[in-house]
Amino acid sequence: MEIRKTSIIFLVLFGLLGFAQNKSLQKADKNYDQFLYVDAIKTYEKVAKKGYKSIQLFSKLGDSYYFQSRYAEANQWYEKLFSLQKKVAAEYYFRYAQTLKSVGDYDKSANLMQAFEMQKTTDLRAKLAQKQVDYLAQIKKNSGRYRIKNAGVNSPYSDYGAAFYKNTLVFTSARDTGGLFVRKHHWNNQPFTNLYGVAIHDTTRLQTPEIFSKKTNSKYHESTPVFTSDGNTMYFTRNNYVNGKKGKDQKNTILLKIYKATKVGEKWENVTELPFNSNQYNCAHPALSPDEKTLYFSSNMPGSFGMSDLYKVALLPEGGYGKPINLGPGINTEARESFPFVSKANELYFASDGHPGLGGLDVFVSPGATDGNFGAVQNIGAPVNSAFDDFALILDVASKIGYFSSNRTEDSRGDDDIFQCIELRALSLNCEQVLLGTVVDALNQRPLASVQVVLLDQNLEQIKQTTTDAAGTFDFGTVACNTAYSLRATNNAYDGNEMRITVGSDAAPADIKMDLTPKIQSLKVGDDLRKALQIDIIHFDLDKDVIRPDAAVELAKILEVMQQNPTLEIDVRSHTDSRQTHQYNIKLSNRRAQSTIQWLVSNGIEARRLTGKGYGETQLVNTCTDGVDCTEEAHQANRRSEFIITKL
């Protein structure tokens, strides 16, 4: 398995199979745990063909293909896994859904994602799937913007991860150079990857690839370089190996690190690893910001959301480095985010299988902002994206020519190939949505004119301000899509209201309704003071007549109104749910009414201003009568008190 996959895969190792005493299975498990996928697959499949079935067997077979990006084969084993009709880990709903896309079954994939969402409600991938139910329509809208072809530099082995360097395209390749001794990686039986360079003859044609630098190529993997604009500094990915010494993590695995090399004459010298690397986690696939003051990369360092996240680190003027900063949940998910590239237009391109896509890794883009953050993520669509792994896109903004990598089978020489893409039409990254709304009176829903409405950002900083018209409407024009805002409405005659909203990217405008409660209300005999003042229901616990702390807070509001209006008199009417007998409930509700009255009297209200009665279960607010199965919340809605005005 080539370096581009090892950099984004961090497996959870499962227990042995129930019949693991079989030597062949023991060997397969050992191979699997060491990422020797080719050998593991052969052994597991032999066992499966003999009729053995288990969750562990089918999940490991599926995973062995899944983590080699062989999604169609993985799909077959995940299908068998779910056919067992036994409980499987939630993660397999996600993986099965992903592989279903590779075979074109998007409907079943959507059903699996719904099941995944129900089990993993806080998972970022689940939230994205819920927000982007129509993601296929959006991808279709973004598709057809590129013309693509095989770049013509590929070998039967893995070729991927290109970078621009002067008039040269530098890329990663596992090609066999024909030497007497070729070191091969035991994961996929391919040679270790090295960096190759190929001259760009004009804007579309490439020449014959050659080894880019013998000084930077080692006996292990090198990949995914990026160069400063002056051509004198290179950052690249390599296995944990420098100066003839290799480093390993606690599991005896040689992980990935980012290295820096400088140009001395015509040679690349001074290969040093960056200080935020570690033997215990991967850092890979560096990319530079247009001003070359920030380095972006992929890592599974502590604090990551998922299998690999995108990070940024400041390149300090004196040659040092800042602290790596995670790009956050707007970019990263619990899955794989990798292969960042930042264009001269400050657009972040990256590969992900956590954001909704066509299958496997897809290429996504996010526009940069002046504050250093990135905006809403969009799938760049087909034909760059497909049902296979599509990743490592780079793009020259001036010529509109770029390169990306894919393991698709169409127009391929084998394994990963590099494809050239020409952008025919730019993607509208500055997604905007119309934001408008109406402000109404909370009591009678009458539209309110002359209400000041303020639009605030996520930090509650004011963006825009307007005033409602005679119809109670306000219009902020266009705002950014897929962004959280706050709306604040104020008027001298009403209590203010503030609400959080998230503006989507639908075709229809974001139409918001806001309610305002009058500061001074017109009350009449027979009104329920609680409803008029929008006071929460005074609830009681089951079979209790004691005033709860939360009820005391609401009673304090009743108390305040009665103190401000000394002639006001009220009738306290208490109710129960339908449980227990009718006679018992009448007595219980009477006690509750008296408890409420006593609380008000003890806090200074004259007893003559208060009357009260219990109505038991005779005035239920829902259908929870005797014999009806209801939730506790439904029953509690009936355990309430009302405050009916009898005199003003």
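Now for a description of the structure that goes with this document.

Calculation rules
- Residues numbered from 1 in each chain as written.
- Predicted model: local features only at pLDDT ≥ 70, side-chain atom pairs only at ≥ 80, totals over all residues.
- Heavy atoms only, no water.
- Pairing = 2+ DSSP bridges.
- Helix = DSSP H or I, 4+ residues; strand = E, 2+ residues; numbered from the N terminus.
- Axes fitted to C-alpha atoms, helices over the stretch in contact; angles between N-to-C directions.
- Core = buried A, V, L, I, M, F, W, Y, C linked by side-chain atoms within 4.5 Å.
- Buried < 20%, exposed > 50% of the residue type's maximum accessible area, 1.4 Å probe, protein only.
- Contact = heavy atoms within 4.5 Å.
- Expected span 1.5 Å × (residues − 1).

1. Regarding the sheet that holds strand β25 (residues 432-441)
Spatially, 3 strands are ordered β28-β25-β31 in an open sheet, and the strand pairing comes out mixed. Among the strands making up the open sheet, the edge pair consists of β28 (473-480) and β31 (510-516). Across this sheet, the average inter-strand angle for adjacent strands is 25 degrees, counted without regard to direction. Where β25 and β28 come together, 6 bridges link them in antiparallel fashion. Of the residues in β28, the one forming a bridge with V434 is T478.

2. Brief notes about the nonpolar core
One finds L57, Y66, Y78, L81, F82, L112 and F116 to be the most contacted residues of the largest nonpolar core, which totals 31 residues. The element best represented in this core is helix α6 (residues 90-102), accounting for 7 residues. In this structure Y78 touches S59, G62, D63, Y66, Y92, R95, Y96 and T99, once residues within four positions along its chain are discounted. Grouped together as the second largest cluster of nonpolar side chains are 27 residues, L169, Y196, L395 and I418 included.

3. Concerning helix α12 (residues 582-602)
Between its first and last C-alpha, α12 extends 30 Å over 21 residues, near the 30 Å set by a 1.5 Å rise per residue. In this fold, the buried residues of α12 make contact with α11 (549-564), β32 (569-574), β33 (610-614) and β34 (641-647). Backbone geometry just downstream of α12 places G604 in the positive-phi region, at approximately 110 degrees.

4. Notes on the pairing of strand β26 (residues 452-456)
The element β26 is largely enclosed, with a buried count of 4 among its 5 residues. Relative to strand β27 (residues 462-467), β26 runs antiparallel, the two sharing 5 bridges. The residue of β27 that forms the bridge with L455 is K464. Sheet topology places β26 next to strand β29 (residues 483-491); 5 bridges connect them, and they run antiparallel. By the bridge assignment for β29, L456 is matched with S486.

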